[in-house]
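Residue-level structure breakdown
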Amino acid sequence: MSLPVKVRIYIYSLGLLALAAIGYYSRDLAFTSVAQIVSFVLFIALGFLSEVYATWIPVFGGEISSSLAIYLASLFILGPALTVFVVLAVTLSSEILMRWDHLKHSQNTFIHAVSFNVAQWVVTVSVTGLLLILTHHVPITLASAEDFLWAFLAFLCYAGINLSLVTGIVSLTGKRSFSYSFLTALKDFSFQYASLFTSALLLVVLYSLSVWHMLLAIVPLMLVHISFRSYLQLQTEARKTFERISRLLDERDHYTAVHSTEVANLAVKIAQEMGLPQGEIEKVDIAARVHDIGKIAIPDSILLKPGPLSAEEWVTMKRHPVISAELIEGLEIYTPVANAVRHEHEHWNGSGYPDGLKGDKIPLIARIIAAADIHNALSTDRPYRKAFSHEKTIEMIKEMKCADLDPVVTDALLRVLDSLENKLSQDADPLSDG
């Protein structure tokens, strides 16, 4: 699949900057001691292992590895010129190794991916190195408080450039906004970044003893890497768990699984129409996909009943949003949306359940999901009735405005439905615009 023009321009521009940096620093490429040669080789080896075993960050849209500490320590010890070539050797070899299988499927994808990842590291190190050169702080020995200060400033520059370049391409591909990805990475991984900075300082201190003492830093670097992987594994396992539950529901009640996906897609469109921040839109999506998961505790005789429920059966059915919330609230990834899942069946006028909340006291995410949920319920077949027509569904939703549904959310839903209907009409008649 071809990349958008703006993404290719971004990658090519970054590549040109990297080539310029390599040319600039190649003038000063020289070793002054055996210790530098050994350190150069050691940094390449450690960096290669760090890149090969990097951890993918789904929310961030990129990878984070202990190579940050390796490259930063190399900058402080060897200086920018040698470090640029450490980074070039590490990233080029590791990227080719890890993406070699992609070359068989798409040569363009392979070239673009390798080019970006190599270039963004070279540019990051080059600009940070230039800061140290201009301030006359190369190498950094940590022999004074001033050295520690400049080491910290270099770290901020290094991390800021690296995050900016990666989130830049993520935003250009349209996956997430720049500010959201950038701030999310800072919030979620600030501790890990601080640990990597400390590891870089540790490498500098160990180098002052001897080049071989740097091998002692492998253990803390491994621990930081494990903390990355463990944190993300918890999120991944949580997602897998609820995917399994969704499959169980699919086997039990195919409607529910399809319903949740369709509600999530529509709820996201409503949130986008309302201009919510990217972070809130993602919460809407996460909550909508599990909002009915509590139905796993509802007996088949009630859940699959081909007719209206009795008063006693409704009491049982009304437990499902509470069960849904209780199932997910103990998991970190779902904690921010558990309250919204609990209150998805509340009504704007206070007549809903389980707590009879009214108006703005109902979480906004819950109000958005409720609107998408009601539309889906009206516009799809049920065991006890056929789907209503589009016109009848719109009419009924308008009647629910200010009663069951938040008026602002309802208006956004109607605009989304109108836009979708117009798109369907245009697709059905491609000559309609003349």
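Quick note: structure is the one above.
Throughout this description, residue numbers start from 1 for each chain and increase along the sequence as written. Local features in this predicted model are restricted to residues of pLDDT 70 or higher, and side-chain atom pairs are both shown and tallied only at a pLDDT of 80 or more, whereas totals for entire chains, interfaces and linings draw on every residue. Side-chain figures throughout are based on the complete set of non-hydrogen atoms in the structure, without hydrogens or water.

**Considering the nonpolar core**
Nonpolar side chains tend toward joint burial in soluble globular proteins. To be explicit about the condition: In plain words, nonpolar cores are sets of buried Ala, Val, Leu, Ile, Met, Phe, Trp, Tyr and Cys residues tied together by side-chain atoms within 4.5 Å. Partly exposed residues are those whose accessible area sits between 20% and 50% of the maximum for their type, while under 20% is buried and over 50% is exposed, using a 1.4 Å probe and protein chains only. Contacts were defined at the residue level, with two residues in contact if any of their heavy atoms lie within 4.5 Å.
Grouped together as the largest cluster of nonpolar side chains are 65 residues, with contacts concentrated most on Phe43, Tyr71, Leu72, Phe76, Val122, Tyr158 and Met214. Leaving out residues up to four positions away in the same chain, methionine 214 has contacts with Ser39, Leu42, Phe43, Ile77, Leu203, Leu206 and Tyr207. Counting residues in hydrophobic clusters, the runner-up holds 41 residues, among them Ala288, Tyr334, Val337 and Ala372.

**Describing the side chain of glutamate 346**
We count it as follows: The way it works is that DSSP assigns letters per residue, a run of H or I at least four long becomes a helix, a run of E at least two long becomes a strand, and they are numbered from the N terminus. The convention is simple: Lys and Arg are positive, Asp and Glu are negative, and His and the chain ends are not counted. When a carboxyl oxygen of Asp or Glu is within 4 Å of a side-chain nitrogen of Lys or Arg, the pair counts as a salt bridge. By the criterion applied in these results, polar contacts are pairs of N or O atoms within 3.5 Å in which, for protein atoms, one can donate a hydrogen and the other can accept it, and in which residues neighboring in sequence qualify only through two side-chain atoms.
Within the secondary structure layout, glutamate 346 lies in the loop between helix H14 (338-342) and helix H15 (364-379). No salt bridge is formed by the buried glutamate 346, whose closest oppositely charged neighbour, arginine 342, lies at an N-O distance of 6.1 Å. Here glycine 356 takes part through its backbone nitrogen, which lies 3.1 Å from a polar atom of the side chain of glutamate 346. Engagement of the side chain of glutamate 346 in a polar contact is seen with the backbone nitrogen of leucine 357, the distance being 3.0 Å. Sequence-distant contacts of glutamate 346, defined by excluding residues within four places in its chain, comprise Gly352, Tyr353, Pro354, Asp355, Gly356, Leu357, Ile362 and Asp404.

**Remarks on the pattern of salt bridges**
Following the criterion strictly, the structure yields 11 salt bridges and no others. Here aspartate 360 makes a salt bridge to arginine 367, at a shortest N to O gap of 3.6 Å. On the accessibility criterion, aspartate 360 (62% relative accessible area) is exposed. Sharing partners across several salt bridges, the network here consists of Asp360, Arg367 and Asp406.

**Remarks on the packing of helix H1 (residues 5-26) against helix H4 (residues 80-105)**
Counted only if it meets this: What counts as an axis is a line fitted to C-alpha atoms, over the stretch in contact for a helix, and the angles between N-to-C directions run from 0 to 180 degrees. Under this scheme an angle from 65 to 115 degrees is roughly perpendicular, one under 35 degrees roughly parallel, and one over 145 degrees roughly antiparallel; angles in between are oblique. Each crossing gets its handedness from the near helix: less than a right angle anticlockwise from the far helix is left-handed, clockwise is right-handed. The classification used treats Ala, Val, Leu, Ile, Met, Phe, Trp, Tyr, Cys and Pro as nonpolar, Asp, Glu, Lys and Arg as charged, and all other residues, Gly among them, as polar.
Orientation of H1 relative to H4, taken along the N-to-C sense of each, is 135 degrees, at an axis distance of 9 Å. Judged on the interaxial angle alone, H4 and H1 are oblique. Regarding H1 and H4, the two cross each other, and that crossing is left-handed. Residues Ile22, Tyr25 and Ser26 of H1 pack against Pro80, Ala81, Val84, Phe85 and Leu88 of H4. Here the residues of the contact of H1 with H4 sort into seven nonpolar, one polar and no charged.

**A look at the packing of aromatic side chains**
Rules: Ring pairs are drawn from Phe, Tyr and Trp, using the six-membered ring of Trp, whenever the two centres fall within 6.5 Å, and their geometry is named by plane angle: stacked under 30 degrees, edge-to-face over 60, tilted for the rest.
Taken as a whole, this structure holds nine aromatic pairs when the rule is applied. Relative to phenylalanine 40, the ring of phenylalanine 31 lies with its centre 5.2 Å away and its plane at 80 degrees, an arrangement referred to as edge-to-face. The exposure class of phenylalanine 31 is partly exposed, given its relative accessible area of 38%. Among the residues examined, phenylalanine 40 registers a relative accessible area of 15% and is labelled buried. Seen in terms of ring centroids, phenylalanine 152 and phenylalanine 155 are 6.3 Å apart; in terms of plane orientation they differ by 40 degrees. Their pairing is tilted.

**Things to note about unusual backbone geometry**
Leaving glycine out, the prevailing phi sign among residues is negative, and the prevailing peptide bond configuration is trans. Between valine 138 and proline 139 the backbone carries a cis peptide bond, its omega angle lying at -10 degrees. Between tyrosine 353 and proline 354 the backbone carries a cis peptide bond, its omega angle lying at 15 degrees. Positive phi, normally seen in glycine, also occurs at histidine 136, with a value near 60 degrees. Locating histidine 136 in the fold gives a position in the loop between helix H5 (107-134) and helix H6 (145-172). The phi dihedral of cysteine 402 falls on the positive side, at around 70 degrees, and the residue is not glycine.

**Structural notes on the environment of leucine 364**
By secondary structure assignment, the location of leucine 364 is in helix H15. Residues leucine 364 and alanine 340, spaced 24 residues apart in sequence, show a C-alpha to C-alpha distance of 7.6 Å. Those residues in contact with leucine 364 that lie beyond four places of it in its chain are Met274, Leu276 and Val409.

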